[in-house]
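Per-entry structural report
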Amino acid sequence: MPKSISKLRIATYKRQQGRCFYCGLPMWLKNADELTAEYGVKASTVVGLQCTAEHLVARQDGGANAADNIVAACKTCNGRRHRKAVPLSPENHRRRVRARILGGKWHPQALVQLLHDRAP
Ligand SMILES: [Zn+2]
């Protein structure tokens with residue numbers, strides 16, 4: 001029986017130790033409080049770090065709702081990948097995200113700094 005997308009999201013979140021496949025920042029699953037409590041930031045600051053199930057091959061291109069086609073990605077990284085008419089490949093999107101983070105042009109820089117400083 002195929003797994004539901006929400007079960008796949010939770011399973012990949014755990015497999016990735018709660019970190020986004022693209023940006024590497026911690027994500028929250030059910031409630032932003034999961035991060036606000038730990039990092040002392042406002043819920044509005046981490047709204048873009050909600051965990052989503054990202055299809056490596058998009059459903060419209062024939063990608064399946066299957067474990068080998070799903071990664072956990074934050075809402076920001078997932079949404080921005082699919083803003084382009086033709087999304088970048090997962091590898092190229094990840095490279096782009098990492099480069100933009102280094103340039104302070106992805107998540108708010110203060111958040112990136114805070115989360116990296118407290119990374120386990
Ligand atoms: Zn991300």
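Residues numbered from 1 in each chain as written. Predicted model: local features only at pLDDT ≥ 70, side-chain atom pairs only at ≥ 80, totals over all residues. Heavy atoms only, no water.

Digging into the coordination of the zinc ion
Selection criterion: Counted as donors are N, O and S atoms no farther than 2.8 Å from the metal, or 3.2 Å for Na, K and Ca; water is not among the atoms, and sites may therefore look incomplete. Note on conventions: DSSP H or I runs of at least 4 residues are helices, E runs of at least 2 residues are strands, and numbering of each starts at the N terminus. Relative accessibility decides the category of a residue: with a 1.4 Å probe and only protein chains considered, values under 20% of the type maximum give buried, values over 50% give exposed, and everything between is partly exposed.
For the zinc ion, the full set of protein donor atoms is Cys 20 (SG), Cys 23 (SG), Cys 74 (SG) and Cys 77 (SG), at a range of 2.3 to 2.4 Å. Mapped onto the sequence, the residues coordinating the zinc ion show the spacing C-x2-C-x50-C-x2-C. You can see Cys 23 sitting in the loop between helix H1 (5-15) and helix H2 (33-39) and its partner Cys 77 sitting in helix H3 (residues 75-81), a full 54 residues away along the chain. Overall, the relative accessible area of 0% leaves Cys 77 in the buried class.

Here's the deal with the nonpolar core
The test is simple: We define the nonpolar core as a collection of buried residues of types Ala, Val, Leu, Ile, Met, Phe, Trp, Tyr and Cys that are connected through side-chain atoms lying within 4.5 Å of one another. Whether two residues are in contact is decided by their heavy atoms: any pair within 4.5 Å suffices.
Of all hydrophobic cores here, the largest spans 25 residues; its most connected members are Cys 20, Cys 23, Val 46, Leu 49 and Cys 77. Those elements that provide at least two residues to this core are H2, strand E2 (70-74), helix H4 (90-102) and helix H5 (109-117). Every residue in contact with Val 46, bar those within four places of it in the chain, is listed here: Trp 28, Ala 32, Leu 35, Thr 36, Val 41 and Leu 111.

Examining unusual backbone geometry
Even without being glycine, Gln 17 reaches a positive phi, approximately 50°. Structurally, the position occupied by Gln 17 is in the loop between H1 and H2. Look at Gln 17 and you get exposed, because its relative accessible area is 68%.

Here's the deal with the environment of Val 57
Tracing the sequence through the fold places Val 57 in the loop between strand E1 (51-55) and E2. Look at Val 57 and you get partly exposed, because its relative accessible area is 41%. Taking the C-alpha atoms as reference, Val 57 lies 13 Å from Ala 72; in sequence the two are 15 residues apart. In this structure Val 57 touches Gly 63 and Asn 69, once residues within four positions along its chain are discounted.

A look at the pattern of salt bridges
Formally: Salt-bridge detection follows one rule: a side-chain nitrogen of Lys or Arg within 4 Å of a carboxyl oxygen of Asp or Glu.
Applying the stated criterion to the full structure yields one salt bridge. As a salt-bridge pair, Arg 81 and Glu 54 come within 2.6 Å of each other at their nearest N and O atoms. With Arg 81 in helix H3 and Glu 54 in strand E1, this pair connects stretches of sequence that are 27 residues apart. Arg 81 gets classed as buried once you look at its relative accessible area, which sits at 5%.

A word on H5
The following threshold applies: Arc definition: directions from the helix axis to the C-beta atoms.
Along H5, the residues that are buried comprise Leu 111, Val 112 and Leu 115. On an axial view of H5, the arc spanned by its buried residues comes to 100°, and they lie on one face. Relative to its buried face, H5 has exposed residues pointing more than 90 degrees away, namely Ala 110 and Asp 117. Looking at the buried side of H5, the elements it contacts are H2 and H4.

Concerning the pairing of E1
The side chains of a regular strand alternate between the sheet's two faces. Spelled out, the test is: A pair of strands is treated as paired once DSSP finds two or more bridges between them.
Where burial is concerned, most of E1 is hidden: five out of the five residues are buried. Burial of E1 is two-sided: the residues Cys 51, Ala 53 and His 55 facing one way and the residues Thr 52 and Glu 54 facing the other way are all buried. Pairing between E1 and E2: five bridges, direction antiparallel. The residue bridging Thr 52 from the neighbouring strand is Ala 73, located in E2.

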